[in-house]
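Listed below, chain by chain, are the residues.
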Amino acid sequence: ADRVASDFQGRPPVCLSVARHTMRFIGGLLLLAAALPAADAFLAPASSLLRSRTAGAAVAPARLMSPQLQKRSAAAVMPLRMAEALKEEVDYQTVTVNNIRNCAIIAHVDHGKTTLVDKLLDEAELDISSDDGGDRAMDSLDIERERGITIMSKVTSMSWGDVKLNIVDTPGHADFGGEVERVMSIVDGVCLLVDATEGPMAQTKFVLMKALARGIQPVVVINKVDRDSSRVEEVETEVFDLMCNLGATDSQLEYATVYASGRDGWATLKWPGGEKKDMADLLDTIVKSVPAPKVLEREEFSMVVSMIEGDAFLGRICTGRISSGTCKVGDQVIALDQSGKKIDNGRISKIMSRKGTGKVDLTVGRAGDIIQLAGIGKATVAHTICAPSVTEALPAASIDPPTLAMTFCPNDSPMAGKDRATTKLTSQMIKERLANECENNIGITYKMDADRTEGYEVCGRGELQLGILIENMRREGFEIGVCPPKVLFQKGPNGEKLEPIEEVCVEVDDEYTGVVIAKLNERKGMMTNMVPASETGRTRIELDAPTRGLLGYRNIFFTDTRGSGIMTRAFKGYEPYKGDLMNVRKGVLVAMKPGVSTMYSLGKLQPRGTLFVGEGVDVYAGMILGEHSRENDLEVNAVEAKQLTNMRAAGSDEKVFLTPPRLFSLEEIIPYMQPDEMVEVTPTNIRIRKQYLDAGERKKAAQGGGGKK
């Protein structure tokens, strides 16, 4: 630039300034050309121009800059080269089994699984933005975003170094344990997330037991270590003790431990004192600890379906891990059930792989990879999609049996069909919807109900899972009647009666421990452990209780602990029947006349108990209006209006103050029901009623004479 300045002597100062800045800019481009050889062709004209202006002198590009600018440019070039190396992505079309890692993220509810997956995708520089503004990309369902929980397992993938990393995000609630069990067959490693404050919880034990039983190597991630209440060393000891108690092998006990803060997006192998930078340590640990997929040594293509979804253009899409061989678009394939019977055939119309929140089209699917196939219309979860020459189905993972059953039937109340949002009313529509749900969710089954000609008995893991199903159906326009849940008993080897038992873990303030233990003892709960919690002034209590005793207890628990308690549950197994339960709920107020509720009548009923309806609500005979203050049911008139008269009397014009009615959510009202009651669910209303609307029929049913429902 100084050499060029001599050519501009006698010209305006502006020209001299422009010339100097221009030549320094060209010198900077030449420095980049030296760092990036691929840019030489693009910068060749600028290089020739500089050489001509310097009278043919071969000047090194770095000498064109000041010493300060040389240091600044060198510091910028090194991160640029490192970034280019990290951006090298695996070619999904040519990936081999040695460059694939399949890993599931498992943990107790609210320990940070979905948030961690989002941060891992961020680390791989994948676009996970969504149009709906949700803060968790993997929670794609509307009901998941509303409730802040994961309901369905979901698969995604990313590139890290030269490895394609398939990640499966799983639910944390015990009611959705079937989602965790079915993905264990498609992964070779798991990331066990444990809260640094709470430590291993009931669902932590359940999911870890399933992983260890299949011989899967775990990677332990102590999450939320940056919290003030964290107790990292104690939690590490608790995790190791839990693995020993669950029968982990010596190789499984040699697990790697990573300390992380999923919310802040960093992980480290050392705590305290580790570098809080990014998630690279966790990704490197997964790639190193999780083994490559084990595949069958045969050329014929075969794959077990683990998930299915629908597409308006492609039809049914089946997701699973390829166990052997390869597949291409246009290949002829068949579908086999568990017995090896052929149920469908077709041609593969599309092969895809999840990447971030999007999909990548593949020309070839290779053994060990988790892919999505389209072209088979009848294949469902646990079926085998394979080449026509394969005659034996691949084994599918078994899951624990359902523990609860509820009857779904068409709505037969006087209000049936009056909801403008209702579009589906008939028994056949309900049957088709349940059949579709059973294909997608292997934790739910259904069959015809023995007591109701148009009813279906739906079996699941818990009231939350069945409540989610009912909520989805009402959003789709269904109007149904739902009977109260009942526990599914089994028979032991000697014919004894067995019932499902759950592990219950509660954490409450010290002042509430007495009332919580007393209420759970009434429900046949047996305390197994009681220790101080991590927070001062709180106690952790562990109990084993029958499922039927826990129905409806959650609301009572939160009331007793003033909303400060934490309760978690997980299925333990079947044990001998614990005996009959005491009546844990009072009677109800039942409407005796149809009409519109009035303030005059409700004001008289308010001292009798807690009301569920307010003024101006349509009611019908047999509808439950509130909870009675005593043990028996009481028939009441809620539609009586005050008679108008010209006569005046003391107290005739007194004001009526109504307490706001008690409102139920679906999860709350399902366990609240008694055996002679049911819930009327429409797209805009939830009403609780007696199964027999007529008072005379109810008396006959109570005496054992039956009656028309």
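Source: prediction; values computed, not measured.

Calculation notes
- Residues numbered from 1 in each chain as written.
- Predicted model: local features only at pLDDT ≥ 70, side-chain atom pairs only at ≥ 80, totals over all residues.
- Heavy atoms only, no water.
- Helix = DSSP H or I, 4+ residues; strand = E, 2+ residues; numbered from the N terminus.
- Buried < 20%, exposed > 50% of the residue type's maximum accessible area, 1.4 Å probe, protein only.
- Contact = heavy atoms within 4.5 Å.
- Areas by Shrake-Rupley, 256 points an atom, 1.4 Å probe, with all protein chains shown as cover.
- Pairing = 2+ DSSP bridges.
- Axes fitted to C-alpha atoms, helices over the stretch in contact; angles between N-to-C directions.
- Core = buried A, V, L, I, M, F, W, Y, C linked by side-chain atoms within 4.5 Å.
- Phe/Tyr/Trp six-rings, centres within 6.5 Å; stacked < 30°, edge-to-face > 60°.
- Lys NZ or Arg CZ within 6 Å of the ring centre and 35° of its normal.
- Salt bridge = Lys/Arg side-chain N within 4 Å of Asp/Glu carboxyl O.
- Right-handed = clockwise from strand over helix to strand, strands pointing away.
- Disulfide = S-S within 2.5 Å.

Undergrad: I tried to follow the overall build of the chain on my own but got confused; where do I start?
TA: Along its length, the chain carries 19 helices and 35 strands. Considering the chain as a whole, with its 709 residues, one finds that 50% of them fall into the buried category. Pairs at least 24 residues apart make up 71% of the contacts formed inside the chain by residues separated by at least 6 positions. As displayed, the chain offers around 34,100 Å² of accessible surface, 52% of which is attributable to carbon and sulfur atoms.

Undergrad: Sorry if this is basic, but what is going on with the sheet that holds strand β30 (residues 609-611) here?
TA: Hydrogen bonds between backbone atoms are what pair the strands of a sheet, whose relative direction is either parallel or antiparallel. Strand order across the open sheet formed by 4 strands is β30-β32-β28-β33, with mixed pairing between neighbours. In this open sheet, the two edge strands, each paired with only one partner strand, are β30 and β33 (634-636). Neighbour to neighbour, the strand axes of the sheet diverge by 30° on average, direction disregarded. Direction of pairing for strand β28 (residues 588-591) relative to β33: parallel, over a ladder of 3 bridges. Considered in β33, the bridge of Ala-591 is made with Val-636.

Undergrad: Where do I start with the sheet that holds strand β2 (residues 154-160) in this structure?
TA: Overall, mixed pairing links the 7 strands, which are arranged β2-β3-β1-β4-β5-β6-β7 in an open sheet. Edge positions in the open sheet fall to β2 and β7 (266-268), since each of these has one partner strand only. Neighbour to neighbour, the strand axes of the sheet diverge by 30° on average, direction disregarded. As paired elements, strand β6 (residues 256-261) and β7 share 3 bridges and run antiparallel to each other. If you follow Ser-261 over to β7, its bridge partner there is Trp-266. Its contacts with the sheet put helix α11 (residues 280-289) on β1 (100-107), β2, β3 (163-169), β4 (189-195), β5 (217-223), β6 and β7, and the angle it makes with β2 is roughly 100°.

Undergrad: I tried to follow the nonpolar core on my own but got confused; where do I start?
TA: Soluble, globular proteins show a tendency: their nonpolar side chains are buried together. Counting residues in each nonpolar core, the largest one holds 33 residues, and the members touching the most others are Ile-106, Val-168, Ile-222 and Met-243. Taken together, the elements giving at least two residues each to this core come down to β1, α7 (177-183), β4, α8 (202-213), β5 and α9 (232-245). If we skip the residues at most four places from it in the chain, Val-168 touches Cys-103, Ala-104, Ile-105, Ser-153, Lys-154, Val-155, Val-183, Ile-186, Val-187 and Met-307.

Undergrad: Explain the packing of aromatic side chains here, please?
TA: In this description, a pair of aromatic rings is defined by centroid distance and the angle of the planes. Throughout the structure, instances matching the rule amount to 9 aromatic pairs. Ring centres of Phe-489 and Tyr-577 lie 5.8 Å apart, and the angle between their planes is 70°; this geometry places the pair in the edge-to-face category. On the criterion of sequence distance, the pair formed by Phe-489 in the loop between β22 (486-487) and β23 (490-491) and Tyr-577 in the loop between β27 (566-576) and β28 is long-range, its members being 88 residues apart. Given the relative accessible area of 36%, Phe-489 is considered partly exposed. A ring pair is formed by Phe-612 and Phe-664, whose centres lie 5.0 Å apart and whose planes are at 90°; its orientation type is edge-to-face. Separated by 52 residues along the polypeptide, Phe-612 in the loop between β30 and β31 (618-619) and Phe-664 in the loop between β33 and α18 (666-672) bring together distant segments of the chain. Geometry around Tyr-92 places Lys-164 over its ring, the cationic atom sitting 4.4 Å from the centre. The ring centre of Phe-489 lies 4.2 Å from the NZ or CZ of Lys-497, which sits over that ring.

Undergrad: Where do I start with the environment of Arg-147 in this structure?
TA: Tracing the chain through its elements places Arg-147 in helix α6 (residues 142-147). Excluding its chain neighbours within four sequence positions, the residues that come into contact with Arg-147 are Ile-468, Glu-471 and Glu-667.

Undergrad: What should I look at first to understand the pattern of salt bridges in this one?
TA: As a working rule, side chains carrying opposite charge can pair if their charged atoms are close by. The full count for this structure, using the stated rule, is 36 salt bridges. For Arg-585, the salt bridge goes to Glu-677, with nearest N and O atoms at 2.8 Å. Residue Arg-585 is located in the loop between β27 and β28, and its partner Glu-677 is located in strand β34 (residues 677-681); the two are separated by 92 residues in the primary sequence. Note on accessibility: Arg-585 and Glu-677 belong to one class, buried.

Undergrad: In this structure, what is going on with the pairing of strand β13 (residues 350-355)? I would like to understand it.
TA: Across 3 bridges, β13 lies against strand β16 (residues 370-374) in antiparallel orientation. Note that in β16 the partner of Ile-351 across the bridge is Leu-373.

Undergrad: Would you mind going over unusual backbone geometry with me for this structure?
TA: Trans peptide bonds make up most of the peptide bonds, and negative phi angles are found at most residues other than glycine. In the segment running from Trp-271 into Pro-272, the intervening peptide bond is cis, with an omega of -5°. Turning to its location among the elements, Pro-272 is positioned in the loop between β7 and α11. Of note, Arg-562 is a non-glycine position whose phi angle comes to about 55°, a positive value. In this structure, Arg-562 sits in the loop between α16 (553-560) and β27.

Undergrad: Please explain the pairing of β4 as it appears in this structure.
TA: Looking along a regular strand, one sees the side chains alternate between the two faces of the sheet. Where burial is concerned, most of β4 is hidden: 7 out of the 7 residues are buried. In β4, alternate side chains face the same way, and those of Gly-189, Cys-191, Leu-193 and Asp-195 on one face and Val-190, Leu-192 and Val-194 on the other are all buried. When β1 meets β4, the two strands line up parallel, connected through 5 bridges. Residue Ile-106 lies in a different strand from β4, and its bridge partner there is Leu-192. The pairing of β4 with β5 spans 7 bridges and is classified as parallel. Residue pairing across strands places Val-190 opposite Pro-218, the latter belonging to β5. Handedness of the crossover joining β4 and β5 through α8 is recorded here as right-handed.

Undergrad: Teacher, can you tell me more about the environment of Val-90 here?
TA: Structurally, Val-90 can be placed in the loop between α4 (67-86) and β1. The residues contacting Val-90, other than those within four sequence positions of it, are Val-95, Ser-159, Gly-161, Asp-162, Val-163 and Lys-164.

Undergrad: Sorry if this is basic, but what is going on with the state of the cysteines here?
TA: Working definition: the covalent bond between the sulfur atoms of two cysteines is a disulfide. As enumerated under the stated definition, the model contains 0 disulfides in all. Summary of cysteine pairing: Cys-103 is not part of a disulfide, and the nearest cysteine sulfur, belonging to Cys-191, is at 4.0 Å. On the basis of relative accessibility, which here comes to 1%, the residue Cys-103 falls in the buried class. This cysteine, Cys-459, is not joined by any disulfide, and Cys-438 carries the nearest cysteine sulfur, 9.0 Å off.

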